[in-house]
Amino acid sequence: QAPTFVATNARTAEPELTLGNLKVASLNVLNYFTNIDGNGNVCGPTASSSCRGADSELEFERQKAKTVAAIVAMDADIVGLMEIENNGFAAGSAIDDLVTAINAIMGEGTYSIVNPGAPIGTDAITVAFIYKSSVVSLSGAAQILDSSNSISDENGPLFKDNKNRPALTQEFALLENGESLVISVNHLKSKGSGCGAGDDSTNGQGNCNLTRTRAAQALSAFLAAQFPEKATLIIGDLNSHAKEDPINALEQAGYTNLVEQFGGD
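Model, not experiment: these values are computed from the prediction. (Residues numbered from 1 in each chain as written. Predicted model: local features only at pLDDT ≥ 70, side-chain atom pairs only at ≥ 80, totals over all residues. Heavy atoms only, no water.)

Re the overall build of the protein chain
Tallying secondary structure elements over the protein chain gives five helices and twelve strands in all. For 265 residues, the compact-globule estimate of 2.2 N^0.38 gives 18 Å, and the protein chain sits close to it at 19 Å. Across its three principal directions, the C-alpha atoms of the protein chain cover 55 × 50 × 50 Å. The burial tally for the protein chain puts 41% of its 265 residues in the buried class. Contacts in the protein chain between residues at least 24 apart in sequence constitute 68% of all its contacts with a sequence separation of at least 6. For the protein chain, the computed accessible surface area is about 13800 Å², with 49% contributed by carbon and sulfur atoms. Distance between charge centres in the protein chain, computed from 16 positive and 31 negative side chains, equals 4 Å. (Helix = DSSP H or I, 4+ residues; strand = E, 2+ residues; numbered from the N terminus. Rg over C-alpha atoms; globule rule 2.2 N^0.38 Å. Buried < 20%, exposed > 50% of the residue type's maximum accessible area, 1.4 Å probe, protein only. Contact = heavy atoms within 4.5 Å. Areas by Shrake-Rupley, 256 points an atom, 1.4 Å probe, with all protein chains shown as cover. Lys, Arg positive; Asp, Glu negative; His and termini not counted. Charge placed at Lys NZ, Arg CZ, Asp CG, Glu CD.)

Here is the structure:
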């Protein structure tokens, strides 16, 4: 029989929160590539990866309009991005194209880009930060966690950047009062492909559960070492549900699950 749908939990137009003096958001921009996928194009810092974005200029313009509208509507002071094309930060790069379009609506100079000075990893996609320079300033240089500076054990680095995207971390200072906040934007390994025996979970946590868990452990250790005693926020796509091992590892390291805190069990 045809199912009957009853709308009993309507989505609100925006989160029902008592706002503080700083708004932080994260958004997966779903393979935002200025290089069109096709016609032999190659992408990534080493020009050795397939392009993953729009298949035509028309498709890209549709994607761009929706992505820009979402960020404009959020109006956050700091936004962590995932799945932005990893093609630098100069004019014509994907992140520059996105910020230029946002600022065309919100006003020139509204958002600036955190530029770590080098590509973040070797994958075709990466993580990134944009921020309102009228609200926050950068405190120190951006820090990148990858396999080269991860804690290690007998099995090698806990953070494997050939599976997880390197994590980008930046300390921001609120212009209003000088208070600082460290934010780390992440994109851990997806469950879409396997990582092998002993890594792919047999208890419902999906492919590469061990890879993500070890990355979470490396991330908390890195942040504690680089930013001791600093207020720290981890955002992004951890590819993990609330009760899975990677989230548990972060909670065991002292982090609060904000979804649980504000939304309950």
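Observations regarding the pattern of salt bridges
Across all of its chains, the model carries eight salt bridges by this definition. Across the salt bridge formed by R165 and D123, the nearest N and O atoms sit 3.6 Å from each other. Here R165 is found in strand β10 (residues 165-174), whereas its partner D123 is found in the loop between β5 (111-113) and β6 (125-132), with 42 residues between them in sequence. D153 is paired through a salt bridge with R214; the nearest N and O atoms lie 2.7 Å apart. Separated by 61 residues along the polypeptide, D153 in strand β8 (residues 152-153) and R214 in helix α3 (residues 209-226) bring together distant segments of the chain. You can call R214 buried: its relative accessible area is 12%. (Salt bridge = Lys/Arg side-chain N within 4 Å of Asp/Glu carboxyl O.)

Remarks on the nonpolar core
If you look at the biggest cluster of nonpolar residues, it comprises 40 residues, and the most contacted ones within it are L81, F129 and I130. L145, F159, L188 and L223 belong to the second-largest nonpolar core, a separate cluster that totals 18 residues. (Core = buried A, V, L, I, M, F, W, Y, C linked by side-chain atoms within 4.5 Å.)

Observations regarding the sheet that holds β6
Neighbouring strands of a sheet are bound in pairs by backbone hydrogen bonds; such pairs are parallel or else antiparallel. Taken in spatial order, the four strands of this open sheet run β1-β4-β6-β5, and their pairing is mixed. At either margin of the open sheet sits one strand with a lone partner, and together these are β1 (24-32) and β5. Strand after strand, the sheet turns through a mean of 30 degrees between neighbouring axes, direction not considered. Note that β1 and strand β4 (residues 78-85) share six bridges and pair parallel. Each bridged residue has a counterpart across the sheet, and for N28 the counterpart in β4 is M82. Contacts from helix α1 (residues 57-74) reach β1, β4, β5 and β6 within the one sheet, and its direction differs from that of β1 by about 180 degrees. Contacts between helix α2 (residues 94-106) and the sheet are confined to β1, β4, β5 and β6, with β5 contributing the most and set at about 170 degrees to the helix. (Pairing = 2+ DSSP bridges. Axes fitted to C-alpha atoms, helices over the stretch in contact; angles between N-to-C directions.)

Observations concerning α1
For α1, spanning 18 residues, the distance from its first C-alpha to its last is 26 Å, which sits close to the expected 26 Å at 1.5 Å a residue. Buried within α1 we find F60, Q63, K64, T67, V68 and I71. The arc that holds the buried residues of α1, viewed along the axis, is 130 degrees, so those residues lie on one side. Turned more than 90 degrees off the buried face of α1, the exposed positions are L58, R62, K66 and A73. As for α1, its buried residues are in contact with β1, β4, α2, β5 and β6. Just beyond α1, the residue with positive phi is D75, at close to 55 degrees. (Expected span 1.5 Å × (residues − 1). Arc of directions from axis to C-beta.)

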